[in-house]
Amino acid sequence: MKRKLIAGNWKMNGSLAANQALLQAITVGLGAPAACQVAVCVPAAYLAQIQLLLKDSAIDLGAQDVSTHQAGAFTGETSSAMLKEFGVRYCLVGHSERRQYHAETDAVVAFKAQRALADGITPIVCVGETLAEREAGRTEEVVKRQLAAVIHTNGHCISEIVVAYEPVWAIGTGKTASAEQAQAVHAVLRAQLKAATEHSDRIHILYGGSMNAANAAQLLAQPDIDGGLVGGASLKAADFLSIIAAAL
Ligand code: PEP
């Protein structure tokens with residue numbers, strides 16, 4: 001049986017001093033190897049620092065974005081090969097903040113996943129509906145469309161991805177999908193993955209959206225919730241450790 005995966009998304013937060021203090025508190029708090037897999041997705045500027053800080057720990061390093069291009073005149077972008085040089089194991093693709101503020105389309109997200117996979121990095125593909133889409137009864141249609149683009153572009157290696165269901169209305173708002181609401185969408189995504197690959201059981205489907213120490217256990221107890229993508233609460237060692245402890 002696969003272990004659950006708890007991944008922190010630091011977003012654009014941190015400093016050299018704060019990163020060191022946070023990771024020290026997390027690694028000391030973890031003590032013995034955790035029952036689940038743990039990763040932190042950090043700003044690109046800090047990859048070198050965090051790679052060194054995580055050297056002797058069981059925590060994996062993640063990035064928050066990757067270019068669709070391999071190299072060249074793409075100012076400000078970071079290639080998957082560059083991420084790989086820093087020991088990056090995971091890379092978020094299609095986070096709703098990238099879709100919203102950087103106009104990333106389903107096709108762009110699918111290519112980003114492809115670039116990551118080509119360099120041996122596991123893309124954490126984020127999907128999720130806005131509040132308006134949920135209220136219009138379009139949740140299933142939206143998440144299936146977003147995931148279908150990634151499946152279409154990455155068919156033969158689709159079992160190598162991680163999926164994160166992140167309802168946009170729950171990200172950073174303190175509003176969490178109920179365990180039942182989340183499980184219902186995860187079951188839809190699981191069925192879609194099952195139709196795409198005979199190895200769908202390998203794929204982690206994470207829930208993200210205001211997961212915290214108080215609600216993690218109930219969310220993580222759902223049959224199709226294989227872990228969490230944690231934003232705000234991953235910046236506080238005690239909260240992140242509580243979520244990890246809930247992921248048995
Ligand atoms: C996220 O940014 O992926 C996220 C889930 O954020 P938060 O936990 O703060 O809602």
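Details of the structure are given in the entry above.
Residues numbered from 1 in each chain as written. Predicted model: local features only at pLDDT ≥ 70, side-chain atom pairs only at ≥ 80, totals over all residues. Heavy atoms only, no water.

**Concerning the layout of surface pockets**
Move 1: Of the voids in this model, the largest pocket is the one considered here, and its volume is about 630 Å³.
Move 2: Lining of the largest pocket is provided by 24 residues; of these, Ala44, Gln64, Asp65, Arg98 and His102 occupy positions nearest its centre.
Move 3: Among the elements that line the lining of the largest pocket, the one with the most residues is helix α4 (residues 96–101), at 3 residues.
Move 4: Classifying every residue of the lining of the largest pocket gives 9 nonpolar, 9 polar and 6 charged.
Move 5: The computed volume of the second largest pocket comes to approximately 190 Å³. (1 Å grid on protein atoms, 1.4 Å probe; cavity = no way out; pocket = protein on both sides within 12 Å on 5 of 7 lines; lining within 4 Å. Points joined across faces, edges and corners; volume = space filled by probe spheres on them. Helix = DSSP H or I, 4+ residues; strand = E, 2+ residues; numbered from the N terminus. Nonpolar A, V, L, I, M, F, W, Y, C, P; charged D, E, K, R; others polar.)

**Notes on the site of the ligand**
Move 1: Near the ligand lie 14 residues; those nearest to it are Lys11, Glu166, Gly172, Ser210 and Gly231.
Move 2: Here an oxygen atom of the ligand sits 2.6 Å away from a polar atom, N or O, in the side chain of Lys11.
Move 3: If the ligand stood free it would expose 290 Å²; the protein chains cover 95% of that surface.
Move 4: Split into classes, the residues belonging to the shell around the ligand amount to 4 nonpolar, 8 polar and 2 charged. (Near = heavy atom within 4 Å. Polar contact = N/O pair within 3.5 Å; in protein donor to acceptor, adjacent residues only side chain to side chain. Areas by Shrake-Rupley, 256 points an atom, 1.4 Å probe, with all protein chains shown as cover.)

**A closer look at the packing of helix α5 (residues 106–118) against helix α7 (residues 139–154)**
Move 1: Interhelical geometry of α5 versus α7 gives an angle of 45 degrees and a closest axis separation of 8 Å. Overall, the two elements α5 and α7 adopt an arrangement that is oblique. Pair α5 / α7 crosses with right-handed handedness. Facing α5, whose interface residues are Asp106, Val109, Ala110, Phe111, Ala113, Gln114 and Leu117, α7 presents Arg145, Gln146, Ala149, Val150, Thr153 and Asn154.
Move 2: Taken together, the residues of the contact of α5 with α7 break down into 7 nonpolar, 4 polar and 2 charged. (Axes fitted to C-alpha atoms, helices over the stretch in contact; angles between N-to-C directions. Parallel < 35°, antiparallel > 145°, perpendicular 65-115°, else oblique. Left-handed = near helix turned anticlockwise from the far one by under 90°. Contact = heavy atoms within 4.5 Å.)

**Remarks on the sheet that holds strand β8 (residues 227–230)**
Move 1: Pairing is parallel in the closed barrel, where 8 strands are placed in the order β1-β2-β3-β4-β5-β6-β7-β8. Put simply, the sheet's adjacent strands are angled 25 degrees from each other on average, direction ignored.
Move 2: Contacts from α7 reach β5 (122–127) and β6 (162–165) within the one sheet, and its direction differs from that of β5 by about 155 degrees. (Pairing = 2+ DSSP bridges.)

**A word on the environment of Leu53**
Move 1: Mapped onto the secondary structure, Leu53 falls in helix α2 (residues 47–53).
Move 2: If we ignore the near neighbours within four places in the chain, the residues touching Leu53 are Asn19, Gln20 and Leu23.

**A few points about α5**
Move 1: Taking 1.5 Å as the rise per residue, α5 with 13 residues should run 18 Å; its terminal C-alpha atoms sit 18 Å apart, in good agreement.
Move 2: Tucked into the core, α5 has its buried residues touching α3 (80–85), β4 (90–93), α4, β5 and α7.
Move 3: Of the residues flanking the end of α5, it is Gly120, one or two places downstream, whose phi is positive at about 75 degrees. (Expected span 1.5 Å × (residues − 1).)

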